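Coordinate inspection notes
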Amino acid sequence: MEEKQPKKGLSEQERLELAAQLDKDLDAFISSLEKKRYTEGWPEDRWEEEMAKHPFFMQKSPEPGEELSPLMEGLQQLKYDPQENTEQELADTYKEDGKFYMQHRKFRMAVLSYTEALRYKVGDAAYKAILYNNRSAANYMLKNYRTSLQDAQKALELNPDYDKARWRAAQCASALDRFELCVELCDTILQRDPTNTAAVEMRKACLAKKAAQQRDSRKEARQEREKQERWDRLVTELKKRMVKFEERKALDDERYLRPRLAPLEDFMVSCDENGVLSWPVVFCYPEFQTTDFQQQLLETTTMQDVLEQLFEEPLECDKAGLYRAKKVNVYYENRILGLAYLVDKSKTIREIVAERTFVAFQGTLTFYILVKGSKQEESFITQTRIPLKIEY
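As the structure is a computational prediction, the values presented were derived from the model and not from experiment. (Residues numbered from 1 in each chain as written. Predicted model: local features only at pLDDT ≥ 70, side-chain atom pairs only at ≥ 80, totals over all residues. Heavy atoms only, no water.)

With that settled, consider the pattern of salt bridges. For the structure on display, the rule yields 19 salt bridges. Close ionic contact of Glu 254 with Arg 258 constitutes a salt bridge, the shortest N to O distance being 2.4 Å. The exposure class of Glu 254 is partly exposed, given its relative accessible area of 22%. Judged by relative accessible area, which is 32%, Arg 258 ranks as partly exposed. Among the charged side chains, a salt-bridge network with shared partners connects Glu 237, Lys 240, Arg 241, Glu 299 and Arg 350. (Salt bridge = Lys/Arg side-chain N within 4 Å of Asp/Glu carboxyl O. Buried < 20%, exposed > 50% of the residue type's maximum accessible area, 1.4 Å probe, protein only.)

Another aspect to go through is helix α8 (residues 163-175). Each α-helix turn comprises 3.6 residues. Residues three or four places apart therefore point the same way. Taking 1.5 Å of rise per residue, 13 residues should cover 18 Å, and α8 covers 19 Å from first to last C-alpha, within 8% of that figure. Where α8 is buried, its residues meet α6 (125-141), α7 (145-158), α9 (179-192) and α10 (197-240). Looking one or two places after α8, you find Asp 177, whose phi comes out positive at around 60°. (Helix = DSSP H or I, 4+ residues; strand = E, 2+ residues; numbered from the N terminus. Expected span 1.5 Å × (residues − 1). Contact = heavy atoms within 4.5 Å.)

Next up on the list: the side chain of Ser 148. Summarising the element assignment, Ser 148 is placed in helix α7. The exposure class of Ser 148 is buried, given its relative accessible area of 0%.

With that out of the way, let us pick up the packing of α9 against α10. Packing of α9 against α10 leaves a shortest axis separation of 9 Å and a crossing angle of 160°. With respect to α10, the axis of α9 lies roughly antiparallel. For α9 against α10, the interelement crossing comes out left-handed. Where α9 abuts α10, its residues Phe 179, Glu 180, Cys 182, Val 183, Cys 186, Asp 187, Ile 189 and Leu 190 lie against Ala 199, Val 200, Met 202, Arg 203, Cys 206, Leu 207, Lys 209, Lys 210 and Gln 213. A class-by-class count of the residues in the contact of α9 with α10 yields eleven nonpolar, one polar and five charged. (Axes fitted to C-alpha atoms, helices over the stretch in contact; angles between N-to-C directions. Parallel < 35°, antiparallel > 145°, perpendicular 65-115°, else oblique. Left-handed = near helix turned anticlockwise from the far one by under 90°. Nonpolar A, V, L, I, M, F, W, Y, C, P; charged D, E, K, R; others polar.)

Read these as layout, nothing more, since geometry by itself doesn't imply function.
Rendered as structure tokens:
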């Protein structure tokens, strides 16, 4: 048999050359890797954004309609897939979602979650009662008290011993001012638990609120009745005096009697218990193009007395001092006839208004004051007036 020759070992020089070659090959391999771009990871400029979309690193749940990452979409499909879950499991899933949203004060999302859970036909009435009560709580936080009450009552139908639902219904009834229902629910709660101080306080507050509302309603009804009586008395007195208004509906609708001039708008003609009228009045000075106002002028006052009061202090614009009660004439206009009429200053306002030719405008009496014999008086009397076309 032929004998094997032993391997010849590497010399020191050969080992050094081999090591140098291996280092060179390794450097070349590493250099070739640096030239290839890694495309499977997150982009450097958006890595935080992409990381936030990953289910393991998400800090908030996706909003409805928000685009999902493929991984998140896959997980949701797995979680809500009716092929992979029973109806009870799906209801449980949405119920847990609702609990999560309630804890994070996202009440609208909680309502949607409990609504989805109620879509599934789970046989346990007590379980469905919990879902209705939870949705009632979410709606209550949204101040949807009517809807919240309906859900709480539905929960009580399914589970008559459900105290949480009964308390929620009482809270909603109180918020909706449904006093009888609130008291009834509180009474039932106290029958089951006489030591429930919250129910005692709510019942007491509800009864006080009911009494206050009834008192306010009686007061409002009395005020409305008194207002109607005042209006009826006013209309009766105006008709008795045969007062005419440019507005045809003045005695049918209060709005047409209410003055529109700012200084008088809160002072509509009124009638006291003795049948005496108080009028809003405008006094015009054509010479100076200025006006004076009397907000509540008693009809028993004579025009002479009114003038004495008006000129008790001289007008600022009357530099000549001509505007005195004895030196002026007073006129009113009948815009329907297109004529001006001189007022007898010795007559009362009632007598003037009752004249056949007098017509009130916007519930207001208007008079024109001019110096006797002045050019302004002559111009006022002779000016052309176009009659208004109003038929009574």
